[in-house]
Every structure is written in structure tokens, then in C-alpha cells.
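# Descriptive analysis of the structure
Here's the letter readout for the chains.
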Amino acid sequence: MTARLANSRLAAALTGFGTLVAILVLVEALIRGGAINRFIVPLPSQVLVAIPRIIAEENVLHRLWETAREALWASVLIAVVGIALGILLYRFRLLRSATETWVAALASAPIVLMYPLFLVIFGRSAATIIAIGFVAGLPPVILKTLEGLVGARQVLIDVGRSFKLTDRQMFWKILLPAALPSIFVGLRLGLIFALINIVGVEFLINFGGLGQLINDLAERYDLPATYGAICFVILVSIVFFILMERIERWMRPID
Amino acid sequence: MTSPIPTGGNPTAGVLLSVDHIVKRFTTAEGVITALDDVSLAVAPGEFVSVIGPSGCGKSTLFNIMGGLVGDYEGRVAVGGETIAGTHPAIGMVFQEESAFPWRTVIQNVAFPLEIAGVPKGERLERARHFVGLVGLDGFERRLPAELSGGMRQRVAIARTLASSPRILLMDEPFAALDEQTRLLLGDKVLQIHQQLQQTTLLITHNITEAVQLSDRVLVMTYRPGTLKRVVDIDLPRPRTSEVVGSDAFGHYVARIWSDLREEASRGIREEETRTLGHGATR
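Residues numbered from 1 in each chain as written. Chains lettered and ligands numbered in written order. Predicted model: local features only at pLDDT ≥ 70, side-chain atom pairs only at ≥ 80, totals over all residues. Heavy atoms only, no water.

The secondary structure content of chain B amounts to 7 helices and 11 strands. Principal-axis analysis of the C-alpha atoms gives chain B an extent of 60 × 45 × 40 Å. Surface accessibility of chain B: about 12200 Å² in total, with carbon and sulfur atoms responsible for 52%. In chain B, the 29 positive side-chain charges and the 33 negative ones have mean positions that sit 3 Å from each other. (Helix = DSSP H or I, 4+ residues; strand = E, 2+ residues; numbered from the N terminus. Areas by Shrake-Rupley, 256 points an atom, 1.4 Å probe, with all protein chains shown as cover. Lys, Arg positive; Asp, Glu negative; His and termini not counted. Charge placed at Lys NZ, Arg CZ, Asp CG, Glu CD.)

Take the sheet that holds strand β3 (residues 31-43) of chain B next. Residues and elements named next belong to chain B. Pairing within the open sheet is antiparallel, and its 4 strands lie in the order β3-β2-β5-β6. Looking at the sheet topology across the chains shown, the edges are occupied by β3 and β6 (82-83). Strands in contact with helix α1 (residues 59-67) are β2 (17-28), β3 and β5 (74-79); relative to β2, the strand with the most contacts, it is inclined by about 120°. (Pairing = 2+ DSSP bridges. Contact = heavy atoms within 4.5 Å. Axes fitted to C-alpha atoms, helices over the stretch in contact; angles between N-to-C directions.)

Moving on, we come to the interface of chain A and chain B. Each side of the interface is counted separately: chain A has 18 residues, and chain B has 26 residues. Overall, the association of chain A and chain B removes approximately 2100 Å² of surface from exposure, summing both partners, and the carbon and sulfur fraction of that is 62%. Across the chain A-chain B interface, the total number found is 1 salt bridge. A salt bridge links K173(A) to E115(B); the nearest nitrogen and oxygen atoms lie 2.5 Å apart. Summed over the shared surface of chain A and chain B, the result is 5 residue pairs in polar contact (both at pLDDT 80 or more). For the side of chain A that touches chain B, the secondary-structure elements that each account for two or more residues are α7 (154-162) and α8 (167-205) of chain A. If you tally residues by element for the side of chain A that touches chain B, the top one is α7(A), at 6 residues. Grouping the amino acids of the side of chain A that touches chain B by side-chain chemistry returns 10 nonpolar, 2 polar and 6 charged. (Buried area = accessible area lost by both parts, 1.4 Å probe. Salt bridge = Lys/Arg side-chain N within 4 Å of Asp/Glu carboxyl O. Polar contact = N/O pair within 3.5 Å; in protein donor to acceptor, adjacent residues only side chain to side chain. Nonpolar A, V, L, I, M, F, W, Y, C, P; charged D, E, K, R; others polar.)

In this section: the environment of V19(B). Residues and elements named next belong to chain B. Mapped onto the elements, V19 comes out in strand β2. By relative accessible area, V19 is classed as buried at 1%. In this structure the C-alpha to C-alpha distance between V19 and V39, which are 20 residues apart in sequence, comes to 7.3 Å. Once you skip the residues sitting within four places of it in the chain, V19 turns out to touch V39, S40, L41, L62, M66 and R76. (Buried < 20%, exposed > 50% of the residue type's maximum accessible area, 1.4 Å probe, protein only.)

Glancing now at the domain arrangement of chain B. Residues and elements named next belong to chain B. The domain architecture assigned to chain B consists of domain 1 (24-90 + 167-256) and domain 2 (100-165). Here domain 1 and domain 2 have C-alpha centroids that lie 24 Å from each other. Domain 1 puts 12 residues into the contact, and the matching count from domain 2 is 11 residues. For the domain 1 and domain 2 pair, buried surface summed over both sides reaches about 990 Å², with 76% attributable to carbon and sulfur atoms. (Domains from an automatic or database assignment.)

With that out of the way, let us pick up the nonpolar core. If you look at the biggest cluster of nonpolar residues, it comprises 96 residues, and the most contacted ones within it are L17(B), L41(B), L62(B) and L202(B). The element best represented in this core is α8(A), accounting for 17 residues. Once residues within four sequence positions are removed from consideration, L62(B) is found in contact with V19(B), L36(B), V39(B), L41(B), V51(B) and M221(B). V135(B), L169(B), L191(B) and L203(B) belong to the second largest nonpolar core, which has 32 residues in total. (Core = buried A, V, L, I, M, F, W, Y, C linked by side-chain atoms within 4.5 Å.)

The next thing to look at is unusual backbone geometry. Of the consecutive residues R224(B) and P225(B), the connecting peptide bond is found in the cis state with omega at -5°. Residue position: P225(B) is located in the loop between β10 (217-221) and β11 (228-233). Here R238(B) and P239(B) are connected by a cis peptide whose omega angle stands at -5°. With a phi close to 55°, N206(A) is a non-glycine residue in the positive phi region.

The subject of this paragraph is a nonpolar patch on the surface. Residue and element names in this part refer to chain A. Side chains of L72, V76, V80, L243, I247, W250 and M251 sit close together on the surface and give an oily, nonpolar patch of about 680 Å² of accessible area. When contributions to the nonpolar patch are tallied by element, the ones reaching two or more residues are α3 (60-91) and α10 (223-251). Of the residues forming the nonpolar patch, the biggest block, 4 residues, is contributed by α10. Note on placement: V76 falls in helix α3. (Patch = residues over 30% accessible without salt bridge, like charges linked within 9 Å, V, L, I, M, F, W, Y side chains within 5 Å.)

What the rule picks out here adds up to 6 aromatic pairs over all chains. Judged by centre distance (5.3 Å) and plane angle (85°), the rings of F171(A) and W172(A) are edge-to-face. The exposure class assigned to F171(A) is buried, which follows from its relative accessible area of 9%. With a centroid separation of 4.8 Å and 65° between ring planes, the pair formed by F101(B) and F112(B) is classed as edge-to-face. Here the residue F101(B) occupies a position in the loop between β7 (91-94) and α2 (106-116), and F112(B) occupies one in helix α2, the gap between them amounting to 11 residues. Take F101(B): its relative accessible area is 0%, and that puts it in the buried class. Note on F112(B): relative accessible area 0%, which makes it buried. Taken together through their ring pairs, the aromatic side chains of F163(A), F101(B), W103(B) and F112(B) make up a single cluster. Looking at K24(B), its charged tip hangs above the ring of F26(B), at a distance of 5.0 Å from the centre. Over the face of the ring belonging to F101(B) we find R160(B), whose NZ or CZ atom lies 4.6 Å from the ring centre. (Phe/Tyr/Trp six-rings, centres within 6.5 Å; stacked < 30°, edge-to-face > 60°. Lys NZ or Arg CZ within 6 Å of the ring centre and 35° of its normal.)

All right, on to the packing of helix α5 (residues 115-122) of chain A against helix α6 (residues 126-150) of chain A then. Residues and elements named next belong to chain A. In the contact formed by α5 and α6, the axes pass within 9 Å of each other and the chain directions differ by 130°. The orientation of α5 relative to α6 falls into the category oblique. In the crossing of α5 with α6, the sense of the turn from one axis to the other is right-handed. Counting all contacts with α5, which are made through Y115, F118, L119 and F122, the residues of α6 involved are A127, T128, A131, I132 and V135. Considered class by class, the residues forming the contact of α5 with α6 number 8 nonpolar, 1 polar and no charged. (Parallel < 35°, antiparallel > 145°, perpendicular 65-115°, else oblique. Left-handed = near helix turned anticlockwise from the far one by under 90°.)

And the structure:
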């Protein structure tokens, strides 16, 4: 059974990879055939060739580390503050009805455009970038934490009451585990928001990791290298997703 | 065989759980509704008692009052003569809705009350394993509820409640969501557990077959306001299995209870219809 499971997983991975290759080959063909202007979209093969070049010449791995570090700090802050605020809104009904709409509105606000304000507060530094990533990623975590806690099934709470759980036990043993799947959905969304904003601000203020590099390369009109650098942004998000999945699995211990 | 004046008490044995003159009213948009009106019952140690009634007779309210989840009522609930208010460790509840924790494996679910009680891990797993075996789930210890059938999940909930060693097992239609065959077979399991542990049990149900199959006594309730209409002693031999369903005596009990219940259920349906019509007129 495990062998079959491993097989189906391998098949899925291969299909995914195959689809990606097929699309790249298609784009390559469309560009070479003249259907897409090669001065706007570089050839995928050129992007591929550019990747070793940006690793060697543009120090892209160091840039990747810069961006990843900012994203890591932002996600830690998002998780700690977002979950705490979600719990706070759950506990205090008045606070919830007073602010829930505002938090939801914040989720759709283009935070990145407020970068001048953050520059004034934090200076042209990693702190500005982390702060913007943090503010951008916060709303989904707050809302999804709240949603998960409110959505905890009454019968599970009743089970806790029938076993005379203390408030603290009720929270840690029932409410939080019941809310966890929803909280992780919020964290994934928050992380995406944060990463987009982090790279965006790096680009805008020309400071830090991959965003700044993308800015440089674009200004030099080195399109294959620009797209190559964007591939590294995707790599950061993949790494964070895998990390998140690991943490989620670890949070559901099976002994 | 049946007593004309229902008190629900069994005068020949001691009393473990007693419910005295419970009245419960709810305030709704349409005014005050009396859900339970002067309900009294008593359960002797080791006895299996079922409370049966039509939908809307306040069965679940009675369950929640006895379990201590609902307060603000007149009357008294006592265990071993001691009045209780709120949830009490002597009473273990099994709910109608699925209540196994989906994030815990079978064994972790069953060990839950022991974990809360601070029993060391090794010991609590060992004790939990005993109860997992008792409900017939050996081999499924490390499975998550999502991997089990509905009947198995309810057995996890029963095992978890039994693991807290309650003096009284209180169950609210635990098999309501299951099909008839599974229900009969699970009934066998419940009979077996009752036999083995001599567990005092009070079952809330709307299923006549289930009530007769499992009980020493069946208390029939009226439609709103819920009162006790009749007490039927079930003199079927123990140990029982689901095969008892085929006997003449069984059919006789079912018919007897149905004749009482039928009036109430019909009245319930009529009143629901009238209420719905009334709502339609005001719209």
C-alpha cells in the first residue's frame, strides 16, 4: 500500500514537472516562431543559461538569503502577533464586532504603497522591509485564526466541559487544535502576502535581496537574468511552503 | 409489567442517579416554552434505563441538564443522594453528534480524560488500550477518526467516556446517525459492555427497538411539555444479544411502547404543522 502511495506521489511529481517543461517548450516555440516578441519575453532557454551566470556574477544566492531572512522574520512576527490577535478577537466579542471588518479591509489595502511612511519610521533598512511584509501578511492570519476558533464544533467544547476542563486546558487541548487547520491556511496566505510585499519593497527602495537585484537587472535590460532572479523568488516561496507543511505535520503529533 | 403512575423510580433497588421534579423553561421569540414539566426519574446501580420520546419532547434538554451542561432549571439532580450542579465526574456523557477529536488518534482520544486527570503517559495508554479493546477497536489504536466509519467513531467516543470511569454513563442518541444494521450490532456491543462492567447507563433515544433491546426499563415521554408518561419494565432475559429482536416478547414490548408513543408523536407532528401554518399567516 505504501509502495502504491509512493508511486502515485512520484507520478504526480513527474506530471507536474512534465507540465512545466511542456509549457516552457511551448513558450520557447512561440517566441522562436515570432508569436511573442523576444524583446519583451526572453527565451526560456536563455533564462536557464542566465541562472548560472547570476549565481556567479550577481551573487544571487546571497540575495536569496537576504530575502529569505527578511521573510523568515516577517513570518515569525506574523505568526506570533497574528495568532495572538486572532485569539484576542475571539475572547472579546465586542472587540471582534468592532474591528473584524477593519481587519478584512486591511487585507485588501495596498500596504506596499505606504513604503515612504515606513522609510521615515525605520530608515532605508531591512527593518522597513520586514515591517511592511509583517503588516501585509497579518490580516489573513488574524481572520483565519478567529474563524478557526469560532468554527470549533460545539460538541467538542461540550466534551471538554463534561470532562471539567479548565479554561486553559479547554484552549490548548480543544479550541487551538480545532482551529489549527484554519490557522495554517491563514499562515500560508499571510506568507504569500508578506513575500510579495517584501520583494516589492526591495524593488521600490532598491535595497536588500532579490527585489533589488531584479530592479538592477531590469534597468540593465538583462531580461533573461531578470526572469532568472524571479525564479529564485519562487524558490524562496517553495522552501517556505515545504517548511510550513513540516511544521503543520509536527504540530499534530501521533505517538 | 407497566406502572400506571409514572415516577420512573425503581423501588426495589438503591438509587444512584435521581432526577427530582425538573422543570425547564426557555424564553423564545414566541414567548416562554416549557420544555420539561415535572420530570422525575431514578436509576439504580448497574441498571440500564432508556428515555424515549418523540422529537421535541425535551429528551436532549434532559440529557444536558443531567450532564450539567444546561443550568437554570427547577428541581434537583443527585448522584448517590448528593445534589450536583454543573458537570460532574460521576457522570460521563456520550453525545449524539460525532465527538471524537479529529486531531487525535483512537488511543489518544480514549486516553484524553486520563491525560486531563494527570495519569502518567505509560499508564494512561495502557488503560486506554483496555477500553479500546472493550469497544472492539483493537488494531485501530493509531488511526485517526477520519479513517474510521461513523459507527467506529461513536465507539471511540464511548470508550473515551468509559475511560473516565464514570459511575453513570449518559448517552444521547449515540447511534442516531447510523443505519439500522450497524445500530443493532453496536447494540450488541453496548449490551456486552454493560454486562462486563455492570455500568449504570441512561440512554436517550427515539428508537423503540434500540430501547427495548438494551434496557431494563424504558421511560416514555410526552410531547411538549416533556413529562414522563409511562414506565415499561423490560423483562427480557440477560445476557441479551440482538437476536432477542426476533422474539414474541420483544414484539409485544415494541407494540406496547409504540401505542404510547404514537399518540405523542402524532400530537407533535400536528402541533408542528399548526405552528408552521401560523408562521405562514403572519408572513
